[in-house]
Amino acid sequence: MSQFAFLVHPRADVSQDLARVWSPFGAVPSGALEWGLRHLPVPPLTLGTVSRPDEGGVAGWLVVVPVGARQMLHADRRWVLGKVERAVDLAVDLGADVVGLGALTAPVTGGGRLLRPREGVTVTNGNAFTAQLTAQAVRRLVAGMDRPHVAVLGATGSVGSCVVQLLADDLDLGALTLVARRRHRLAELAQVMRSTRPGLPVHEATEVDAVRDADLVVVLTSSTEALLRSEHLKPGAVVLDDTQPRNTDPALAVERPDVLVVDGGLADVRGLDVRADIGLPHGYAYACLCETMLMAFDGCTTPAVGDATPAHARRMQAAADRFSHLGFGLAEPLSFGRPLAAGRGSARDLVGLRGPS
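Keep in mind it's a predicted model, so treat the numbers as computed, not measured. (Residues numbered from 1 in each chain as written. Predicted model: local features only at pLDDT ≥ 70, side-chain atom pairs only at ≥ 80, totals over all residues. Heavy atoms only, no water.)

Asks: I tried to follow the sheet that holds strand S15 (residues 329-330) on my own but got confused; where do I start?
Replies: Paired through their backbone hydrogen bonds, the strands of a sheet run either parallel or antiparallel. On the basis of which strands lie adjacent, the open sheet formed by 3 strands has the order S14-S12-S15 and antiparallel pairing. If you trace the sheet from one side to the other, it starts and ends with strand S14 (284-286) and S15, each paired once. Pairing between strand S12 (residues 266-268) and S15: 2 bridges, direction antiparallel. Bridged to Ala 267 within S15 is Leu 330. In this fold helix H9 (residues 287-297) packs onto S12 and S14, with an angle of close to 85° to the strand it touches most, S14. (Pairing = 2+ DSSP bridges. Helix = DSSP H or I, 4+ residues; strand = E, 2+ residues; numbered from the N terminus. Contact = heavy atoms within 4.5 Å. Axes fitted to C-alpha atoms, helices over the stretch in contact; angles between N-to-C directions.)

Written as structure tokens, this is what we have:
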């Protein structure tokens, strides 16, 4: 069996996330820690391990890239890439055959394309299985809606474009709004959807305001800021937020009780022994981590870098089916990291939780 390593990094609250590695970090202000990460020779760190009870021994490691989320996107790109490269080196030294890129380590490395090749090491950005589980979550949420208007923020990104293509064949939508910054790719994706689903109103936009009329908003952006806020959402809207760090304003939980916010990209892995604090309840894991595990368990040696493809998403689903005794199915829904409704996972139940609109 191949072994894997999965790269993570501190998100918006650097102090809180580094405290998962060593608790005294929690007492240090995030700004001070960010300064230290930038100016001191901090090496990559091992956060914990993952084991398979059916195999025994360590199946993989979680490795921390010592770069905060804001630094990932705004610091000197060569410095950031160097930090990610050193984390990959640590992963290889630990014995990993498959290395997965978590959170912002994927976009800052061009989906893995900018990393130095290493003989015998397969790299994945985890975007294909993320897209697969996101598409499943969308189907679960819209099942209780009558021809809904769905909007996708970050539609032309690696995950977003794959999600849109996975949903193209089987959703009965009233309208589809695609929101992204790159106009050329946005126009191309919109044209693909119009060709695939003639008669479906497909709207293109470059501003978040375009989601105001959507019944379901899928958030697939890469930012350190809260891009989706109360004023962007219609009464009774549903939000599926697939971002790390979160791009949905936490204030929504208080300001908009009529809005249902569901955390996306999460799988059930209760059949695995995850000995690390990854900021999720026990038995949950991010889909990108799951893709890394599945590729190692399945012996996949084909890199999954750059844009995710529906073909690879389906291969990952087939692998998830083969290893279903370990989990890898769509997890029970969370909202802002907390269980939404124990034992209630149907689309109708989820939508019903919004209350009156």
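So, next bit.
Asks: Quick question: what am I supposed to make of the packing of helix H5 (residues 127-142) against H9 here?
Replies: A pair of packed helices is captured by two measures, namely the crossing angle of their axes and the spacing between those axes. Two elements in contact, H5 and H9, have axes separated by 7 Å at closest approach and are oriented at 125°. What the angle tells us is that H5 and H9 run oblique. In this structure, the crossing between H5 and H9 has a hand that is right-handed. The residues of H9 that touch H5, namely those facing Asn 127, Ala 128, Phe 129, Thr 130 and Leu 133, are Ala 287, Cys 288, Cys 290, Glu 291 and Leu 294. Across the contact of H5 with H9, the residue classes break down as 7 nonpolar, 2 polar and 1 charged. (Parallel < 35°, antiparallel > 145°, perpendicular 65-115°, else oblique. Left-handed = near helix turned anticlockwise from the far one by under 90°. Nonpolar A, V, L, I, M, F, W, Y, C, P; charged D, E, K, R; others polar.)

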